[in-house]
2 protein chains.
Amino acid sequence: MSPARNGKPTLAVVGATGAVGTVMLDLLSTREDVWGEIRLVASARSAGKKLVVRGEEVEVVALSPECFDGVDVAMFDVPDEVSKEWAPIAVERGAIAVDNSGAFRMDADVPLVVPEVNPAAARRRPRGIISNPNCTTLSMIVAMGALHAEYNLQALVVASYQAASGAGQPGIDALREQISKVAGSDTLGTQPGDVRRAIGELGPFPAPLALNVVPWAGSLKEDGWSSEELKVRNESRKILGLPDLRVSATCVRVPVITTHSLAVHATFEREVTVDRAQAILRDAPGVVLVDDPANGEFPTPADVVGTDPTWVGRVRRAIDDPHSLDLFLCGDNLRKGAALNTAQIAELLAEELAEG
Amino acid sequence: MSPARNGKPTLAVVGATGAVGTVMLDLLSTREDVWGEIRLVASARSAGKKLVVRGEEVEVVALSPECFDGVDVAMFDVPDEVSKEWAPIAVERGAIAVDNSGAFRMDADVPLVVPEVNPAAARRRPRGIISNPNCTTLSMIVAMGALHAEYNLQALVVASYQAASGAGQPGIDALREQISKVAGSDTLGTQPGDVRRAIGELGPFPAPLALNVVPWAGSLKEDGWSSEELKVRNESRKILGLPDLRVSATCVRVPVITTHSLAVHATFEREVTVDRAQAILRDAPGVVLVDDPANGEFPTPADVVGTDPTWVGRVRRAIDDPHSLDLFLCGDNLRKGAALNTAQIAELLAEELAEG
């Protein structure tokens, strides 16, 4: 363990200038402060830039092996290939790496951690790396973990309503620009392709996103599945420790800025009741139940964006199957879906380091 | 049978001035012309208005018992309570009623007809009324009927992405106005409730629809289910003749003008293959398969709005269950979801009347 100011560990934030990095600096400024030095790291292009964290300006340094010297915990919010190269370098230099890319998530020697669900997994990290799950998986896994503890989960059918910011700042910019182009029209969205023609440049999405939904996120994998859909399956299995969990996901992008929503049909070994399921969700750390449709109460992404918890509503027992629940969940993909869960994992490590 | 001009039957269109009525007049002007007189009927408020159908101006007459005299087939695109009162009056006056409201759909003596799936059901109509299914059910049922014929359907898990026009013209107007209010902002959609505050008046939806999705459509029924979700279950069972079909639906409104989309997880008695399922869908009347994600090809609502077929893509076999398929479907809720299916049913009746 490196020398740390005030006896507190040193944190490096790699990718400090990105969409998730920006939320991370906000979180580090508002959560309980467990860190000594916080070092901000980015590509050489952003080096020298000054960002505010914990109320103080900090100069961004360029990514280099030396920037990890003296670092206890290094968070990575960078593309897969950058993590793949640099997380092991951070580890060599003495840091524990917490990585939010897809580079290590399915590595058997890298734990995939959600602190509310499997915190103990963070202690076994043979490569010195801990992975943070994909944002879509994170939008439901805290709630599903709580229900699994009671009912024993067997199968998930998931349909997502994913926000533009899942594609980073270019996704947000593209959606805002597309919305400006369709605003004010009395006819767009009524003839085949009229929205596509009005929008022109699609940005990072494979079809128009304004006045549309796009049944595609990620890259094409085997048998017609998208990478995003396979992540939901494989990461849910790993986090819950259920290698035989049956999962079918359809991932769809919607014209929402930030916060992913999911419609989930979950089947359990034990019979479920709505009252008990609601009580479990009401008591689960990190989950807020908003479920009173008679009074118009259910979560929507625009109402919960910018908040930390997983919001759950529309809890119903399947009419034809007393072992299945249908739910609707919302979670901010930049917070719990990325920066917040990474911060929580890093805090677990800070606690472990303090224990000595 | 009443006397008909040129030996062709007389049609009444009740609700001719509404969102569905407008599409109906367009369809009646472009489909093969099987009708003699076409009488346009609406509320007293709209009587005297002139609308164009088949290239000719026709004056709208006020709804009255007499307006059904001499009518062979009367289509109703009006609220449930208007249909409930007036469809039986049309029948008394000698017409066969084809009703697109929810008033009679689950009546055991009223067939619920999708011409591609159960055309024979239209012949047994003890009350003289035939019902047209709900638009959400219609967005998938032609494709599911084709797959059922081969594989024997046992269960459906459905998540919808429903368009604003499902709430009629007020829904379209509300979405367009909301989009104008959020366009041009660089910050809306990032803080809890900021979109709600910017939008003010919600229109017919229980939450903002611009930059949002709303997990609610219809009215509250038993055990937390919405009327729209129960319609998907009950109507699918009736149309397919499968009283034990297991169905769980979550209905969600999205900021799309027109065309409903559905993510469907369908489980069959027989094992499925993607190749065979794609071939079935490619050959099914009323269905178009667009399924080549490697080349960015899948249906989206903005690309298929204004067209007649059900568009299907993203056909995958569930990784953990060789009896299940995952699909994404789009269908114009004002055309096949309402006016077109009603027109098709009426044409079945015109054919039957011509047979004598």
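Conventions used here
Residues numbered from 1 in each chain as written. Chains lettered and ligands numbered in written order. Predicted model: local features only at pLDDT ≥ 70, side-chain atom pairs only at ≥ 80, totals over all residues. Heavy atoms only, no water. UniProt positions renumbered as here; feature names shortened; annotations may be inferred. Helix = DSSP H or I, 4+ residues; strand = E, 2+ residues; numbered from the N terminus. Rg over C-alpha atoms; globule rule 2.2 N^0.38 Å. Contact = heavy atoms within 4.5 Å. Areas by Shrake-Rupley, 256 points an atom, 1.4 Å probe, with all protein chains shown as cover. Polar contact = N/O pair within 3.5 Å; in protein donor to acceptor, adjacent residues only side chain to side chain. Salt bridge = Lys/Arg side-chain N within 4 Å of Asp/Glu carboxyl O. Pairing = 2+ DSSP bridges. Axes fitted to C-alpha atoms, helices over the stretch in contact; angles between N-to-C directions. Core = buried A, V, L, I, M, F, W, Y, C linked by side-chain atoms within 4.5 Å. Buried < 20%, exposed > 50% of the residue type's maximum accessible area, 1.4 Å probe, protein only. Left-handed = near helix turned anticlockwise from the far one by under 90°. Least-squares fit on C-alpha atoms with pLDDT ≥ 70 in both.

As annotated in an unreviewed UniProt entry, chain A carries the name Aspartate-semialdehyde dehydrogenase and comes from Sporichthya brevicatena. According to the UniProt record, the Subunit (unreviewed entry) comment for chain A reads "Homodimer." Taken directly from UniProt, the Sequence similarities (unreviewed entry) text for chain A runs: "Belongs to the aspartate-semialdehyde dehydrogenase family."

1. With respect to the overall build of chain A
Looking only at helices and strands, chain A has nine helices and 14 strands in total. Relative to a compact globule of 356 residues, whose C-alpha radius of gyration would be 21 Å, chain A shows 21 Å and is just as compact. Taking all contacts inside chain A whose residues are at least 6 apart in sequence as the whole, residues at least 24 apart take part in 67%. Surface summary for chain A: the accessible area is close to 12,800 Å², and the carbon and sulfur share equals 48%.

2. Brief notes about the UniProt feature "binding site: phosphate" (unreviewed entry) in chain A
Residues and elements named next belong to chain A. The positions that UniProt labels "binding site: phosphate" (unreviewed entry) are, in the present scheme, Arg-105. Following the sequence through the fold, Arg-105 ends up in the loop between strand S7 (96-99) and strand S8 (129-131). Within the structure, the side chain of Arg-105 is placed 3.3 Å from the side chain of Glu-235, a separation counted as a polar contact.

3. Points about the interface of chain B and chain A
Listed per partner, the contact involves 74 residues of chain B and 74 residues of chain A. Summed over the shared surface of chain B and chain A, the result is 10 salt bridges. As a salt-bridge pair, Glu-229 of chain A and Arg-316 of chain B come within 3.2 Å of each other at their nearest N and O atoms. The interface formed by chain B and chain A holds 36 residue pairs in polar contact (both at pLDDT 80 or more) in total.

4. A closer look at the sheet that holds strand S9 (residues 153-161) of chain B
All names here are of chain B. Ordered in space as S10-S9-S11-S14-S13-S12, the six strands form an open sheet in which the pairing is mixed. Two strands lie at the open edges of the sheet, namely strand S10 (246-250) and strand S12 (287-289), each paired on one side alone. If you compare each strand with its neighbour and ignore which way they point, the axes differ by 25° on average. Across eight bridges, the pairing between S9 and strand S11 (residues 260-268) is antiparallel.

5. Quick word on the sheet that holds strand S6 (residues 73-76) of chain B
Residues and elements named next belong to chain B. Here six strands make up an open sheet; going across it, the order is S5-S2-S1-S6-S7-S8 and the pairing parallel. Pairing within the sheet leaves two strands with one partner each, and these edge strands are strand S5 (61-62) and strand S8 (129-131). Direction of pairing for strand S7 (residues 96-99) relative to S8: parallel, over a ladder of three bridges. For Asp-99, the partnering residue across the bridge sits in S8 and is Ser-131.

6. Some details on the nonpolar core
Counting residues in hydrophobic clusters, the biggest one holds 40 residues, and the most contacted among them are Leu-175, Val-182 and Leu-211 of chain A together with Leu-175, Val-182 and Leu-211 of chain B. Looking at this core, the elements that each hand over two or more residues are helix H4 (168-182) and helix H5 (194-199) of chain A together with helix H4 (168-182) and helix H5 (194-199) of chain B. In this structure, Leu-175 of chain A is in contact with Ala-164, Leu-209, Ala-210, Pro-255, Val-256 and Ile-257 of chain A together with Leu-211 of chain B, ignoring residues within four places of it in sequence.

7. Overview of the packing of helix H3 (residues 135-151) of chain B against helix H6 (residues 227-240) of chain B
All names here are of chain B. Across the interface, H3 lies against H6 with an axial gap of 10 Å and an inter-helix angle of 35°. Of the two possible hands of crossing, H3 and H6 adopt the one that is right-handed. Across the interface between the two elements, Cys-135, Thr-136, Thr-137, Met-140, Ile-141, Gly-145 and His-148 from H3 touch Glu-228, Lys-231, Val-232, Glu-235, Ser-236, Ile-239 and Leu-240 from H6.

8. Considerations on the relation of the copies chain B and chain A
Overlaying chain B with chain A gives an RMSD of 0.1 Å, the required rotation being 180° about an axis along which the chain moves by 0.0 Å. One copy is carried onto the other by what is essentially a two-fold rotation axis. Taken as a fraction of all interface residues of chain B, those also at the interface in chain A reach 100%, which identifies the copy contact as same-surface.

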